[in-house]
Amino acid sequence: MKYLTIFVLLFAFIAGSCGNKDEQKGPMQINGAGATFPFPLYSKWFSEYSKVNTNAKFNYQSIGSGGGIKQITEGTVDFGATDSPMTPEETKNAETKSGTKILHIPTVLGAVVLTYNLPGLDKPLNLSGETIADIYLGKIKKWNDSKIAKDNEGAKLPDKDITVVFRTDGSGTSYIFTDYLGAVSPEAKEKIGVSKTPKFDVGQGGKGNEGVTGVVKQLEYSIGYVELIYATQNKLNYASVKNSENEFITPSLESVTLAGGVSVSQMPESLTMSIINAKGKGAYPIASYTYLLVYEKNRNEEKGKLVKSFLEWALGDGQKFAKDLGYSPLPEELSKKALDKVKTLK
């Protein structure tokens, strides 16, 4: 009887343990962090892919490109996201710590726009690269400055101080914007720098694309740089910018696609390149690819498989969601190159 009781209790314990295992089984959480630039699209992708593959659940922290690079370096996420490619030093540091290669996978193209809050302006604003640089250098202080007036003939420009708004966090959007400033103004390149954390001596800051959008929305006579979708979602105005062909180009899916298309044949094996001031009629000059950062070999085999499967979906069916959210899908030739790289993930 004693042995029978022990057997029954042992059987119940084992059965209970198995039952708990089944109860705990569910979607595997994939953690990511980084760029705010593509966040609206990535949120849509994670939601849609979780419907396609119910084994995957995504947790993404929109903390800026610098944060994404930092977290994949520290190994606290399964993937990072950045608009500015990792520097050789950042890559070496991350690969040394993780013991595997870090790959850049381009996902879509987007535009950084100059959004402004200018009451009374009765027509869209035109801005040249030199003018934008001088605004952010603090050399142009008033909205009715002659340089702004020259490119906006007949516009009612107010005699008001310009409030410059910039990003305070480590940001790929800042990198793209300062890459442009550096391309059009040697002085801006020297004094502001081309960086995820540039130094601005004028204006006030906002955290993330969301923060800059919020400041511009609330503050009259302000100007800031944000990803296109943040301006359109918040119904803010944004400027047409003079490109390398001396055309004032309104940021749009078409003008961003043109910026990518004219340079895709020059894409290196790393799949990272700047398309700032791309040469070509109709190309918007402040455009960029954005990237997911992934381990070539994930320490967790199951998570590695899910990340690889997600990337294959994002570069295929996922591209159809890009346009509705203000992003340009990858050129077909580049999409194929990116898929080939994804196939090398272990």
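Structure shown above.
What you are looking at is a predicted structure, and each value in this text was computed from that prediction instead of being measured. (Residues numbered from 1 in each chain as written. Predicted model: local features only at pLDDT ≥ 70, side-chain atom pairs only at ≥ 80, totals over all residues. Heavy atoms only, no water.)

Looking now at the pairing of strand β2 (residues 56–62). In this sheet, β2 lies alongside strand β1 (residues 28–34) in parallel orientation, the contact comprising 7 bridges. Its bridge partner lying in β2, Gly34 is registered against Ser62. For the crossover from β1 across helix α2 (residues 39–52) to β2, the handedness is right-handed. (Pairing = 2+ DSSP bridges. Helix = DSSP H or I, 4+ residues; strand = E, 2+ residues; numbered from the N terminus. Right-handed = clockwise from strand over helix to strand, strands pointing away.)

This part is about empty space enclosed by the protein. Per the counting criterion, the structure on display carries 2 cavities of 30 Å³ or more. Here the largest cavity is characterised by a volume of approximately 50 Å³. In terms of lining residues, the largest cavity is bounded by Asp78, Val294, Tyr295, Glu296, Asn298, Gly304, Val307, Leu345 and Lys346. Put simply, the parts of the chain that give the lining of the largest cavity at least two residues each are β12 (287–295) and α12 (301–314). Split by residue class, the lining of the largest cavity holds 4 nonpolar, 2 polar and 3 charged. Each pocket or cavity is described by its volume, and for the second largest cavity that value is around 40 Å³. (1 Å grid on protein atoms, 1.4 Å probe; cavity = no way out; pocket = protein on both sides within 12 Å on 5 of 7 lines; lining within 4 Å. Points joined across faces, edges and corners; volume = space filled by probe spheres on them. Nonpolar A, V, L, I, M, F, W, Y, C, P; charged D, E, K, R; others polar.)

Turning to the packing of helix α5 (residues 129–136) against helix α7 (residues 172–184), a few remarks are in order. It is at 9 Å that the axes of α5 and α7 come closest, and there the two elements cross at 115°. Viewed along their axes, α5 and α7 adopt a mutual orientation that is roughly perpendicular. The two elements α5 and α7 cross, and the hand of that crossing is left-handed. Between α5, through Gly129, Ile132, Ala133 and Tyr136, and α7, the contact on the second element is made entirely by Phe177, Tyr180, Leu181 and Val184. Classifying every residue of the contact of α5 with α7 by side-chain character gives 7 nonpolar, 1 polar and no charged. (Axes fitted to C-alpha atoms, helices over the stretch in contact; angles between N-to-C directions. Parallel < 35°, antiparallel > 145°, perpendicular 65-115°, else oblique. Left-handed = near helix turned anticlockwise from the far one by under 90°. Contact = heavy atoms within 4.5 Å.)

Keep in mind these numbers describe shape, not what the thing actually does.
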